[in-house]
Amino acid sequence: MADPARTEALSLPPETIADLDAFCDGLWLSDGLSRNTLAAYRRDLTLFARWLQASHGIAPFEAEARHLHAYLAEFSQRAKATSQRRLLSTWRRYFHSLMQSGRIRNDPTQRLDPPMAAPRFPKSLSEADVDALLNTPDIDTSLGMRDKAMLELLYATGLRVSELIGLRSFEVSLNDGALRVLGKGDKERLVPIGAAASDWLRHYLAHARSDILAGRHADALFVTVQGAAMSRQMFWRLIKQYATRAGISSDRISPHTLRHAFATHLLNHGADLRVVQLLLGHADISTTQIYTHIARARLKQLHAIHHPRG
């Protein structure tokens, strides 16, 4: 499937396309950014380049601070604060690379202020909600057994959905009770599975997986009736279906709900923040700290309910 930003870039001058290609290639080589992050950076720069070309007849490397301010004023009217901050990050990386190569003498991003970040609290579930969700699949069917194993593994490990559906059979060791996962930025980490998830995964591998494949071969751990790995969209549909059956409202569900529940419940039960950071594969502990707010709020709620002077 063609990248929309790449398709749009074809209308730009060849030298601008080459400039964006060189910048993205440099990011990949130097920082090892994920494909999704690189695609977002390219998309931001492509749209900016098209705006510059249409309104000022210049290329991105020729942009000055006034151009950035004008574009940001328009962009902020239709974009969330998170998208605005990503655009600023894209600009800073791009113009820093131009400074390093000596193509420009002044960095036009120096006086740009990022928009204020609104508090962002991930959607999570109570332990009772998680139990209800995990007990929803029909384990008497092969597909239900697969879904049960996926949900149990997701909650036991805190994997991202993309990491879960990307797992291959040889990356899981039931004897060691651990799996090897390739996360963001192609960073590899070992994650313990836990007894309950190991048991359900063992049942799935022993009985359901071969039945779903019906004689076909696949490297993917979790497979579909087509003999291929499951897509993010398909797994998201399954999550929503099971949540509805479990009586969980749609506004409390997201593709990463069980990942958020994994982190929150670990902290609720006294896990160290650094350990949770390693298990989640966060490069920066500040990303993990968002879960302490959820855990703290839950503890206050329990105190108010159960303490005689709450």
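(A) The arrangement of helix α12 (residues 273-280) in detail. When we look at burial in α12, the residues that qualify are L273, V276, Q277, L279 and L280. The arc that holds the buried residues of α12, viewed along the axis, is 165°, so those residues lie on one side. G281 lies just past α12 and shows a positive phi near 80°.

(B) Summary view of the environment of H56. Secondary-structure assignment places H56 in the loop between α3 (35-55) and α4 (65-75). Distance from H56 to H67, taken between C-alpha atoms, is 8.7 Å for residues 11 residues apart in sequence. In contact with H56, other than residues within four places in its own chain, are W51 and H67.

(C) Representation of the pairing of strand β3 (residues 188-192). Of the two faces of β3, the one holding R189 and V191 is buried and the one holding E188, L190 and P192 is not buried anywhere. As defined by bridge partners, strand β2 (residues 178-182) adjoins β3 across five bridges and the pair is classed as antiparallel. Within β3, the residue paired with L179 across the bridge is V191.

(D) Spotlight on the packing of α4 against helix α5 (residues 81-101). Closest axis-to-axis distance for the α4/α5 pair is 11 Å, and the angle between their directions is 155°. With respect to each other, α4 and α5 are oriented roughly antiparallel. Handedness of the crossing formed by α4 with α5: right-handed. Between α4, through L68, Y71, L72 and F75, and α5, the contact on the second element is made entirely by S83, Q84, L87, L88, W91 and F95. For the contact of α4 with α5, the residue count by class is eight nonpolar, two polar and no charged.

(E) Highlighting the sheet that holds β3. As summarised here, the arrangement of the three strands in space is β1-β2-β3, forming an open sheet in which the pairing is antiparallel. Every other strand in the sheet has two partners, leaving β1 (172-173) and β3 as the edge strands with one partner each. In this sheet, β2 lies alongside β1 in antiparallel orientation, the contact comprising two bridges. From the neighbouring strand, V172 faces β2, where its bridge partner is L179.

(F) Representation of unusual backbone geometry. Of note in this structure, A214 is not a glycine but carries a positive phi near 50°. Looking at the element boundaries, A214 is found in the loop between α9 (195-213) and α10 (232-245).

(G) Molecular detail of the pattern of salt bridges. Under the criterion given, the structure shown has 12 salt bridges. When the shortest N-O distance is used, the salt bridge between R66 and E64 registers 3.0 Å. Looking at R66, the relative accessible area reads 53%, which means it is exposed. Residue E64 is classed as partly exposed on the basis of its relative accessible area, which comes to 40%. The structure contains a network of salt bridges with shared partners spanning R160, E163 and R189.

(H) Focus on the nonpolar core. Among the nonpolar cores identified, the biggest contains 41 residues, and L153, L159, L164, L179, Y204, F222 and F235 are the most heavily contacted of them. Among the elements of the structure, α6 (127-134), α7 (142-157), α8 (161-165), β2, α9, α10 and α11 (257-268) are those that each provide at least two residues to this core. What F222 contacts, discounting residues up to four positions off in sequence, is R146, A149, M150, L153, L164, L201, Y204, A228, A229 and M230. One finds L12, A49, W51 and Y94 within the second-largest nonpolar core, a separate group that totals 28 residues.

Thresholds applied
- Residues numbered from 1 in each chain as written.
- Predicted model: local features only at pLDDT ≥ 70, side-chain atom pairs only at ≥ 80, totals over all residues.
- Heavy atoms only, no water.
- Buried < 20%, exposed > 50% of the residue type's maximum accessible area, 1.4 Å probe, protein only.
- Helix = DSSP H or I, 4+ residues; strand = E, 2+ residues; numbered from the N terminus.
- Arc of directions from axis to C-beta.
- Contact = heavy atoms within 4.5 Å.
- Pairing = 2+ DSSP bridges.
- Axes fitted to C-alpha atoms, helices over the stretch in contact; angles between N-to-C directions.
- Parallel < 35°, antiparallel > 145°, perpendicular 65-115°, else oblique.
- Left-handed = near helix turned anticlockwise from the far one by under 90°.
- Nonpolar A, V, L, I, M, F, W, Y, C, P; charged D, E, K, R; others polar.
- Salt bridge = Lys/Arg side-chain N within 4 Å of Asp/Glu carboxyl O.
- Core = buried A, V, L, I, M, F, W, Y, C linked by side-chain atoms within 4.5 Å.

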